Amino acid sequence: MWLDTERGYHAMLDVRALPGEAPPPGPRTSTMVMDRKLIVHQMAHGLRVAGQVEIAGLQAAPDWRRARILLEHLFALYPALQRPALESGARFWMGRRPSTSDGLPCIGPAAGCADVVHAYGHGHVGLGSSARTGRVVAQLLDGCPPEIDIAPFSPGRWRR
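Note that the structure is predicted; figures quoted are calculated from it, not measured.

1. So, helix 1 (residues 65-77)
Link 1 in the chain: If you check helix 1, its first and last C-alpha atoms are 18 Å apart, about what 13 residues at 1.5 Å a residue would give, namely 18 Å.
Link 2 in the chain: Among the residues making up helix 1, those that are buried are A67, L70, L71, L74 and F75. Projected onto a plane normal to the axis of helix 1, the buried residues spread over an arc of 135 degrees and lie on a single side.

Here's what the structure looks like:
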């Protein structure tokens, strides 16, 4: 089996309106910018931009150039942002998602214990797949046949 981390980078600018001030530059709702492969959202503690995915092992050092690329995109998208004042206080973060080599999640009973069901490796679609995956896991734990064919998602598909 091959499971590795898909790492996503984030940059945060401390862009907040004080009471009585005009809202700061940036979107009012989360915005996905497809041609730049990123998402921008206004949060309580600032303006966040996320994207720049890479595959790297758990021991690999973060490549903070990817977060800086996001920051460059953010300043290009919202030129009214006060770049010199904001750039020095930018905060960067990197998070990991479990991803499989074939892009499919692992869903199915554990080989060694019937009370354990694998349900991981959804990559970018974990949140969107969570309800359906949870329902399939519940069916397996209840001893019912799952509502979908889970053979393609078998955790044992990499066994030799």
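2. Looking at the environment of A61
Link 1 in the chain: Among the secondary structure elements, A61 is positioned in the loop between strand 4 (46-56) and helix 1.
Link 2 in the chain: Taking the C-alpha atoms as reference points, A61 and Y120, separated by 59 residues in sequence, lie 23 Å from one another.

3. Some remarks on the side chain of H10
Link 1 in the chain: Looking at the secondary structure, you find H10 in strand 1 (residues 3-13).
Link 2 in the chain: Of the residues examined, H10 reaches a relative accessible area of 10% and is grouped as buried.
Link 3 in the chain: Reaching out from H10, the side chain makes a polar contact with the side chain of R48 at a distance of 2.5 Å.
Link 4 in the chain: Filtering out sequence-adjacent residues up to four positions away, H10 remains in contact with R48, V49, A50, A67, L70, R91, F92, W93 and G95.

4. A closer look at the nonpolar core
The tendency in soluble globular proteins is for nonpolar side chains to be buried as a group.
Link 1 in the chain: Ranked by internal contacts, the top residues of the largest apolar core, which has 19 residues, are L13, V40, V49, L71, L74 and L81.
Link 2 in the chain: Mapped onto this core, the elements with two or more residues apiece are strand 1, strand 3 (38-43), strand 4 and helix 1.
Link 3 in the chain: Among the elements that make up this core, the one with the highest residue count is helix 1 (5 residues).
Link 4 in the chain: In this view, L13 contacts H45, G46, L47, L71, L74, F75, L81, L86 and A90; residues no more than four positions away in its chain are not counted.

What counts and what doesn't
Residues numbered from 1 in each chain as written. Predicted model: local features only at pLDDT ≥ 70, side-chain atom pairs only at ≥ 80, totals over all residues. Heavy atoms only, no water. Helix = DSSP H or I, 4+ residues; strand = E, 2+ residues; numbered from the N terminus. Expected span 1.5 Å × (residues − 1). Buried < 20%, exposed > 50% of the residue type's maximum accessible area, 1.4 Å probe, protein only. Arc of directions from axis to C-beta. Polar contact = N/O pair within 3.5 Å; in protein donor to acceptor, adjacent residues only side chain to side chain. Contact = heavy atoms within 4.5 Å. Core = buried A, V, L, I, M, F, W, Y, C linked by side-chain atoms within 4.5 Å.

The analysis is restricted to geometry; functional conclusions fall outside its scope.
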